[in-house]
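Notes for the structure review
Single-letter residue listing:
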Amino acid sequence: RELAGPCTMTQLLLWLLLLLLLPIATSKVDNTADDKTTTAKSSSLFTRYDRNAYDNAAGNHFNSTADDEKLTYGNLDKDAIIKRWQRKTNNDSSSQQHVDDDSNNKCTTYLAPSSIPNSGLGMYTTIPYAKGDTFLLPEIGIMLQDKDAHYPQGSDKLLAQYPWGPGILTGGHREVTTGAVMVPGLGMLANSHLGLANFRHSDTWRLQIDEDGTDSLSLEGLQSSTTLKDVGRGSSSYHSRVLFHADKNIQRGEELFVNYGDEWFTARESWIGVIPSAKNYEEADRLIAELFSENDGGHDVVDPQAYEVLLQDAAEKDKRLRAAFPDNVEDLPVAKDIGTARFSARSSIQSVEWIEENGVCIDNLVSGASTIAQAGRGAFATRTINKGAVITTTPLITLEREQLQLWEEVDGTDVGVQNKIKKEDKVLEMVGHQLLLNYCYGHVNSSLLLFPYSPTVNFINHGSKEEANAEIVWSSYPYHKGEWLNLSLKETKELQKTGLMFDIVATKDIGLGEEVLLYYGKDWEDSWNEHIEDWTTAEHEQDGMMHKNVTDTLGVHLNQRSNSDSIILTVEEQKIQPYPPYLETVCRFKPPAEKCQDENNDYCAIRWSLSMNEMHDNLCDVISRSSIDGNDWYFARMNITNSTSNETTRYHVEFLPRYAIRLINRIYTKDQYSRGVFREVIGLPEGLFPDHWIDLKEEDDNYIYQD
């Protein structure tokens, strides 16, 4: 009875299987690394850099093999690769880390012309990846909160083409009502080919309920802004560990593709054309193989009339299926050999020499915990970079400042005063900006913003004029459309594609492992200093509006939220020892498909079953806790609404394990959604921003757009 209570035998076997599989998804360190490297990894000196981020950036990849071939990084063997990517912390207080050998540091990731027609630039790898390997560069996820509600006319803007759904972030679907996420690097720079997609965002944290996943707050600990006195609260994204892993074996020289999803393409069919799905390509391959098998003698020749009939049948069945076939019968032998998906992008596998000749290196930076207070994460050099050399090149999205403004309905008639406007029958007040503003570049007196999206560029922090070791210039890469700098402000805002590009250039010699810093400009510095003064004043005056929704994260220790060794307080226990009001309890539970047969006191009594889906996290009340053989088991109640029938069922769930319960932030209570947190556009070097794009007066600090 005791064994049957907590879980069934089937559930127990499933959980044991999960425990065996989980180590495959965790970062590993090759034991063949030299003693110095091993010592450095276990040293307590490893404080300014996130060791796990480096492990995730390299460790997974170098513990697997593709087709039994020994993986190489340029001309380096596996041991040398590990040595390069695992940094040793220096004993001094400088921002630089050193390794013994920085030779043969071949670039692994390039920006180069995409193999997909009319798709601009794409990403290529010069090293192979085995299925399951993690992409070398962790990326940031920047949440846009309710963007369509705050800027309804934004659906036809360039920015609308790039966001991912909130599910790409751990707990993202519970942060705001309607979320959209900007993920630079692979999430934006890589193109999508539904038949050749070879990377997908990693979601192993979905299998480990007690893992923080993309959220780096607990990992950085006290180095992050975690108390009400920290003026940097809410100024950077806590989601700085968005990872991608290989969905299949990837060859050296192959273009990297992600999957935007079928709906992304069907919704844009009127202007990008009909795009086949992965299943369409698979079906086309099958039909072509059958067509060849029907040939007399097995020759690689197809009757043109027979192929025309096949195309007509495919078009009648599904226009997307028809689009998967080659137009010319002469191309069928090649399409049969390499597949219709690869045939549609035949140049998606290039020689390393072609990539080096036509591309630019974009893996000179990797993220880690910044050496700068209040800065969160930073960007660090993956190899030695000489003064004057290009560190990285990044395309830019053009957007309008008003797209990032946040509005709130208020009472009053003083429209036009204190950032208020009237829209329809409502009075709206501008109450702040989206977090994305802090990652955009521009001019303080321009309504035009530029958002870079190459890997790791959005981790580059501000340094004083003396500390900065890099600067921004317009790119010298031939694919930078320099003529666009002559466009009017209106024409630039209406662009529906990217073409402008930055080069980030070293102004000093930069050592391997050194943090790269840009000077954000005097306007940014003045704004930051003003923010410090306002924050301090509000703290002393206990101004509730200034710190609205800002929570004392340390009120509940970070580990207590998900640590399986801690306990979750019951409803009765919380009457004596309440959790902070910004926290709520969620239980991982998938309701059964069939209608509940056991109803007692208006609740459906049911035993807990294992679920891997974060969407099955439901708000719950913990009613009681029991200990069986030293393990705590919980009993909880929750109301779950069926999305199809819209019927709500009240469940009493028995025998939940601790790892199925989490304490999470209530909606809109994370720091980035608070009032009074720092927001400012990053400035560009003097003379770089075209004068004819400057359209605001100096006093227009809170530019309000009215259509």
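Residues numbered from 1 in each chain as written. Predicted model: local features only at pLDDT ≥ 70, side-chain atom pairs only at ≥ 80, totals over all residues. Heavy atoms only, no water.

Core analysis: the biggest nonpolar cluster contains 90 residues, and Met182, Phe199, Leu436 and Phe451 have the highest contact counts within it. Each residue touching Leu436, except ones within four places of it in the same chain, is listed here: Ile142, Leu144, Leu159, Met182, Leu399, Leu404 and Phe451. Membership of the second largest hydrophobic core comes to 22 residues, among which are Cys596, Cys620, Tyr651 and Ile661. (Core = buried A, V, L, I, M, F, W, Y, C linked by side-chain atoms within 4.5 Å. Buried < 20%, exposed > 50% of the residue type's maximum accessible area, 1.4 Å probe, protein only. Contact = heavy atoms within 4.5 Å.)

A word on unusual backbone geometry. Backbone geometry places Thr456, a non-glycine residue, at a positive phi of 70 degrees. Structurally, Thr456 is set in the loop between strand S19 (448–452) and strand S20 (461–462). By relative accessible area, Thr456 is classed as buried at 0%. For Tyr668, which is not a glycine, the phi torsion comes out positive at approximately 70 degrees. (Helix = DSSP H or I, 4+ residues; strand = E, 2+ residues; numbered from the N terminus.)

Before going further, it helps to spend a moment on the state of the cysteines. In a disulfide, the sulfur atoms of two cysteines are covalently bonded to one another. Across all of its chains, the model carries two disulfides by this definition. The partner cysteine of Cys107 in its disulfide is Cys361, sulfur to sulfur 2.2 Å. For the disulfide bridge between Cys107 and Cys361, the dihedral angle about the S-S bond is near 95 degrees, and by the sign convention the bridge is right-handed. Of this pair, Cys107 sits in the loop between strand S2 (97–98) and strand S3 (109–113) while Cys361 sits in strand S11 (residues 360–361), and the two are 254 residues apart along the sequence. Across the pair, Cys361 and Cys107 agree in class, each one buried. (Disulfide = S-S within 2.5 Å.)

Once that is clear, we can look at helix H10 (residues 304–317). The terminal C-alpha atoms of H10 lie 20 Å apart, and with 14 residues this matches the ideal 20 Å at 1.5 Å per residue to within 8%. When H10 is considered as a whole, its buried residues turn out to be Tyr307, Leu310, Leu311 and Ala314. Viewed end-on, H10 has its buried residues packed into an arc of 100 degrees, placing them on one side of the element. Facing away from the buried surface of H10 by more than 90 degrees, the exposed residues are Gln305 and Glu316. Of the surrounding secondary structure, the elements contacted by the buried residues of H10 are helix H9 (278–293), helix H11 (319–323) and helix H12 (332–338). (Expected span 1.5 Å × (residues − 1). Arc of directions from axis to C-beta.)

Taken residue by residue, the chain gives an average pLDDT of 78. The fraction at 70 or more is 73%. The low-confidence segment residues 1–103, where pLDDT is below 50, has 200 contacts with residues more than four positions distant or belonging to other chains. Overall, residues 218–226 carries pLDDT values under 50, and its contacts beyond four positions in sequence, including any with other chains, amount to 28 contacts. (pLDDT = per-residue confidence, 0-100.)

Relative to the elements of secondary structure, Tyr307 occurs in helix H10. Its relative accessible area of 2% is what places Tyr307 among the buried residues. Distance in space between the C-alpha atoms of Tyr307 and Leu332 is 9.4 Å, their sequence separation being 25 residues. Once you skip the residues sitting within four places of it in the chain, Tyr307 turns out to touch Leu291, Val302, Phe325, Pro326, Asp327, Asn328, Val329 and Leu332.

On to the sheet that holds S11. What the five strands build is an open sheet, ordered S7-S10-S4-S3-S11; its pairing is mixed. Each edge of the open sheet carries a strand with a single partner, namely strand S7 (191–192) and S11. Sheet topology note: the S3/S11 ladder contains two bridges and is antiparallel. Of the residues in S11, the one forming a bridge with Leu111 is Val360. (Pairing = 2+ DSSP bridges.)

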